[in-house]
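# Chains, contacts and geometry: an overview
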Amino acid sequence: MFSPKCGNGEKSCVLGIESSCDDTAAAVIIDGVLRSSIISSQSEHIPFGGVVPELASRAHDRLLVPVVQAALQKAGIEMSDLTGIAVTRGPGLIGSLMVGVSFAKSLSAGLGIPLVGVHHLDGHMDSLWLGASRPDPPLLVLIVSGGHTQLMRVDASGRRIILGKTRDDAAGEAFDKVAAILGLEYPGGPEIDRLAAHGNAGFHEFPRTRLPDYDWSFSGIKTSVLYHLNRLDLPERTRYLEKHLADLCASFQEAVVDMLVEPVQRAMEMTGIRSVGLVGGVSANSRLRDRLEQTTSSLGGHLHVPDLEFSMDNAAMIALSGSLKLARGEQDSLFFTAHPSLSMDLEEAPV
Ligand code: KG4
Ligand code: ZN
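Residues numbered from 1 in each chain as written. Chains lettered and ligands numbered in written order. Predicted model: local features only at pLDDT ≥ 70, side-chain atom pairs only at ≥ 80, totals over all residues. Heavy atoms only, no water.

Below, the discussion takes up the side chain of Ser275. Examined against the element boundaries, Ser275 turns out to sit in strand β9 (residues 275-279). Leaving out residues up to four positions away in the same chain, Ser275 has contacts with Pro135, Asp136, Pro138, Leu139, Leu140, His302 and His304. (Helix = DSSP H or I, 4+ residues; strand = E, 2+ residues; numbered from the N terminus. Contact = heavy atoms within 4.5 Å.)

A few words on the layout of surface pockets. Within this model, the second largest pocket holds a volume of roughly 480 Å³. Contributing to the lining of the second largest pocket are 22 residues, with Asp122, Asp126, Arg160, Lys325 and Arg328 lying nearest its centre. Elements represented by at least two residues in the lining of the second largest pocket include exactly β5 (115-119), α3 (120-126) and α9 (316-327). Looking at the lining of the second largest pocket residue by residue, the classes come out as nine nonpolar, five polar and eight charged. Here the lining of the second largest pocket spans two domains, since at least three of its residues come from each of domain 1 (13-125 + 311-348) and domain 2 (135-305). (1 Å grid on protein atoms, 1.4 Å probe; cavity = no way out; pocket = protein on both sides within 12 Å on 5 of 7 lines; lining within 4 Å. Points joined across faces, edges and corners; volume = space filled by probe spheres on them. Nonpolar A, V, L, I, M, F, W, Y, C, P; charged D, E, K, R; others polar. Domains from an automatic or database assignment.)

Protein coordination at the zinc ion (ligand 2) comes from His120 (NE2), His124 (NE2) and Asp313 (OD), with a distance range of 2.0 to 2.1 Å. Mapped onto the sequence, the residues coordinating the zinc ion (ligand 2) show the spacing H-x3-H-x188-D. Of this pair, His124 sits in helix α3 while Asp313 sits in the loop between β10 (302-304) and α9; the two residues are 189 residues apart in sequence, bridging distant segments of the chain. According to the relative accessible area criterion, His124 is buried, its value standing at 0%. (Donors = N, O, S within 2.8 Å, 3.2 Å for Na, K, Ca; no water. Buried < 20%, exposed > 50% of the residue type's maximum accessible area, 1.4 Å probe, protein only.)

It is generally the case that most residues other than glycine have a negative phi and that most peptide bonds are trans. Of the consecutive residues Pro137 and Pro138, the connecting peptide bond is found in the cis state with omega at 5 degrees. Note that Pro138 resides in the loop between α3 and β6 (139-144). In this model, Tyr186 is joined to Pro187 through a cis peptide bond whose omega is -5 degrees. With respect to the helices, strands and loops of the structure, Pro187 is situated in the loop between α4 (171-181) and α5 (188-196). Here the phi dihedral of Asp213 falls at roughly 55 degrees; this positive angle occurs in a residue that is not glycine.

Further remarks concern the confidence of the model for the protein chain. This prediction gives the protein chain a mean pLDDT of 92; 95% of its residues lie at or above 70. Taken together, the stretch residues 347-351 has pLDDT below 50 and engages in 14 contacts with residues farther than four places along the chain or on a different chain. (pLDDT = per-residue confidence, 0-100.)

Turning next to the packing of aromatic side chains. Counted under the stated rule, the structure contains two aromatic pairs. Pairing Phe175 with Phe252 gives two aromatic rings, centres 5.3 Å apart and planes at 80 degrees, and the pair type is edge-to-face. One end of the pair, Phe175, is in helix α4; the other, Phe252, is in helix α7 (residues 234-271), and 77 residues separate them in sequence. Judged by its relative accessible area of 3%, Phe175 falls in the buried class. Residue Phe252 is classed as buried on the basis of its relative accessible area of 1%. Ring centres of Phe203 and Tyr240 lie 6.3 Å apart, and the angle between their planes is 40 degrees; this geometry places the pair in the tilted category. In this pair, Phe203 is assigned in the loop between α5 and α6 (219-230) and Tyr240 in helix α7, connecting sequence segments 37 residues apart. Look at Phe203 and you get partly exposed, because its relative accessible area is 27%. (Phe/Tyr/Trp six-rings, centres within 6.5 Å; stacked < 30°, edge-to-face > 60°.)

So, in structure tokens, the structure goes:
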């Protein structure tokens, strides 16, 4: 079998592992080139309308070995070819993270190769460099996922600064909670996106919460969708939803997109930065992509979005972050632990 002969000093061959929430993923990067990316999304959470932590950990435990084997096989390498391992250290569900971190530590010890822990959001940011369009800093990056909503500035030196973040729910969480209110399956974001394409975004004006600086709050819009439906008794509500589900999805989505785009536009105007990245699961939203594309190009800028397979949680982004760290000589000891609320360890500063 063809072997790229990693580990002979000529090649770097890094396995990335991601298990922070409900996707079990592994990927291999050889000399900076992505050779495989395998994602197994757990379906056991659907009947519960959200991720059940205990079920997620058990599923990671069951899926991780076959997912890693598939990633190695697709990359055309053996386990013994690996020269380094990168694993998501946090933030995320502690049980889920521990499955990935413990597995990565055992592999690192068994093979005698270095291990690095990666911050999940650094991984999402680095997903911008996995596709064809690879932006040069300085740039602004909007991270929108199920757990985070954050605006970052990446300086020309590569330094990362947090400009703003959500004070309560993340944008993806708002999509998922409103989808549940509307009776849609988890995860609701893709479903709202799909239905909204057939709806009237001007059907109902949900309130847009605007905060100073570059912060967000999405709890108000979620409550306002709930109150909008609670005015109706059950039979009226059922008829209303039958008739206007797509209109409500489109109206809600438009409000969230307005709220997400406005601070990015302001940051572009304030900083003069014209390169914008959009990452995280919600970056798959078609309306958000279109609106941010319009906004950046109207200001003479350019929007960079990862391919869809790298928008949602994946291990390619973790393998890339980790291989960059390993190339800089960074590595973690076998005593490092998973951290459910790991901070990004960065400055928080106004523009
Ligand atoms: O980045 P991700 O896979 O996991 C986290 O790190 O949280 O993001 C998952 C989130 C979920 O809330 C999901 O509903 C949302 O991304 N999402 C979407 C779309 N696709 C995924 N939200 C809106 N529109 C979409 N097309
Ligand atoms: Zn994520």
